[in-house]
Amino acid sequence: MATTDADHRQEEDAPAGEDEDTGAQVAPIVKLDEVAVSTGEEDEDPILDLKAKLYRFDKDGNQWKERGAGTVKFLKHKVNGKVRLVMRQSKTLKICANHLILPAMTVQEHAGNEKSCVWHARDFADSELKDELFCIRFASIENCKKFMETFQEVAESQNKEENEDASAAADLLDELSVEGKADAEKNDEDKSENKTVEQESASEKESKPDSEKKVEELASSA
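Let me begin by describing the structure that accompanies this report. (Residues numbered from 1 in each chain as written. Predicted model: local features only at pLDDT ≥ 70, side-chain atom pairs only at ≥ 80, totals over all residues. Heavy atoms only, no water.)

1. Some details on the overall build of the protein
The secondary structure content of the protein amounts to three helices and seven strands. Seen in sequence order, the protein has helices and strands lined up from the N terminus as α-β-β-β-β-β-β-β-α-α. Within the span of the protein, comprising 222 residues, buried residues form 22% of the whole. Across the protein, every contact between residues at least 6 apart in sequence was considered, and the portion connecting residues at least 24 apart equals 51%. Roughly 17100 Å² of accessible area belongs to the protein as shown, and the carbon and sulfur atoms make up 49% of that amount. (Helix = DSSP H or I, 4+ residues; strand = E, 2+ residues; numbered from the N terminus. Buried < 20%, exposed > 50% of the residue type's maximum accessible area, 1.4 Å probe, protein only. Contact = heavy atoms within 4.5 Å. Areas by Shrake-Rupley, 256 points an atom, 1.4 Å probe, with all protein chains shown as cover.)

Structure, rendered in structure tokens:
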């Protein structure tokens, strides 16, 4: 069958198939440079890292309100040894809990739910210190127990470090006090020696014959 001019035009005007390589190269319009993002956790070592859902107690509404679902961590500072609890929402990475674990803190199981536990803290997640009552719920009883055990161990270790710091400070004060006392005694001894020398000099001057005194007076006036 003969091919007509109309058939040739249809073949030329037909769009290229989806899988057909046209050979065209498209350069990116904007070049984005890689930027290092700081998390604020670079100077800390993670002690625990678990998935959970966090709630805070709303006093005004007298009810629990969800704060976020994500990862809860215990982070220990590499220099000062302080440990804080940090939790970020999984999708937005927004901080929903951020506070130090202090020696006086305690955590306990939530009544009627073995997968949840509650505790009080002065939280800084909203960039200001707030007294909060938190409740956290885990996917398993094992994770909840692990969280509670780690929480208590950290609080006890912070109490021990606090006592050691207080003892070291007391020892330093005692040492400074002893040094100050020694310096004071040394000053008293120096004053006593100076006083004795002055007394001896005056005594010698008084015991000299009048002729020697007169010679000294003439020498000093010359």
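2. Some words on the sheet that holds strand β4 (residues 95-100)
Reading across the sheet, the seven strands line up as β4-β3-β2-β1-β7-β6-β5 and stay open at both edges, with antiparallel pairing between neighbours. Edge positions in the sheet fall to β4 and β5 (108-109), since each of these pairs with one other strand and no more. (Pairing = 2+ DSSP bridges.)

3. A short note on the environment of E41
If you trace the backbone, E41 turns up in the loop between α1 (5-13) and β1 (44-58). A sequence separation of 35 residues divides E41 from K76, and the C-alpha atoms of the two residues are 9.4 Å apart.

4. Digging into the nonpolar core
If you look at the biggest cluster of nonpolar residues, it comprises 26 residues, and the most contacted ones within it are W119, I136 and F147. Broken down by secondary-structure element, the contributors of at least two residues to this core are β1, β2 (63-77), β3 (83-89), β4, β6 (116-123), β7 (130-137) and α2 (141-207). If one sorts the elements of this core by residue count, α2 sits on top with six residues. In this view, F147 contacts L48, L50, V72, F74, L85, V107, C117, W119, I136 and F138; residues no more than four positions away in its chain are not counted. (Core = buried A, V, L, I, M, F, W, Y, C linked by side-chain atoms within 4.5 Å.)

5. What about the pairing of β2?
Here β1 pairs with β2 via 14 bridges, running antiparallel. Residue pairing across strands places Y55 opposite E66, the latter belonging to β2. The antiparallel hairpin formed by β1 and β2 contains four residues in its connecting segment, where N62 sits at a positive phi of about 55°. The pairing of β2 with β3 spans seven bridges and is antiparallel.

6. Let's talk about the side chain of N98
Position of N98 among the secondary structure elements: in strand β4. For N98, a relative accessible area of 14% gives the class buried. Of the polar contacts made by the side chain of N98, one reaches the side chain of R84; its length is 2.9 Å. Ignoring sequence-local partners within four residues, the contact set of N98 consists of R84, L85, V86, D123, F124 and A125. (Polar contact = N/O pair within 3.5 Å; in protein donor to acceptor, adjacent residues only side chain to side chain.)

7. Concerning the pairing of β6
With six of its eight residues buried, β6 lies for the most part within the structure. Here β5 runs beside β6; their pairing, made up of two bridges, is antiparallel. Across the sheet, the residue bridging to Q108 is V118, located in β6. Linkage of β5 to β6, two consecutive antiparallel strands, is achieved through a turn of six residues, within which G112 is found at a positive phi near 85°. Both β6 and β7 contribute to a ladder of eight bridges, which runs antiparallel. Its bridge partner being in β7, H120 is matched across the sheet by L133. From the end of β6 to the start of β7, which pair antiparallel, there are six residues, and S127 there has a positive phi angle of about 65°.

8. Observations regarding the pattern of salt bridges
Throughout the structure, instances matching the rule amount to eight salt bridges. With its nearest N and O atoms 2.7 Å apart, the salt bridge here joins R84 to E44. In this pair, R84 sits in strand β3 while E44 sits in strand β1, placing the two residues 40 residues apart along the sequence. Just as R84 is buried, E44 falls in that class too. Taking the shortest distance from any N to any O, the salt bridge between R122 and D131 comes out at 3.3 Å. Taken individually, R122 and D131 each receive the classification exposed, so the pair is uniform in this respect. Connected via shared salt-bridge partners are E41, K73 and R88. (Salt bridge = Lys/Arg side-chain N within 4 Å of Asp/Glu carboxyl O.)

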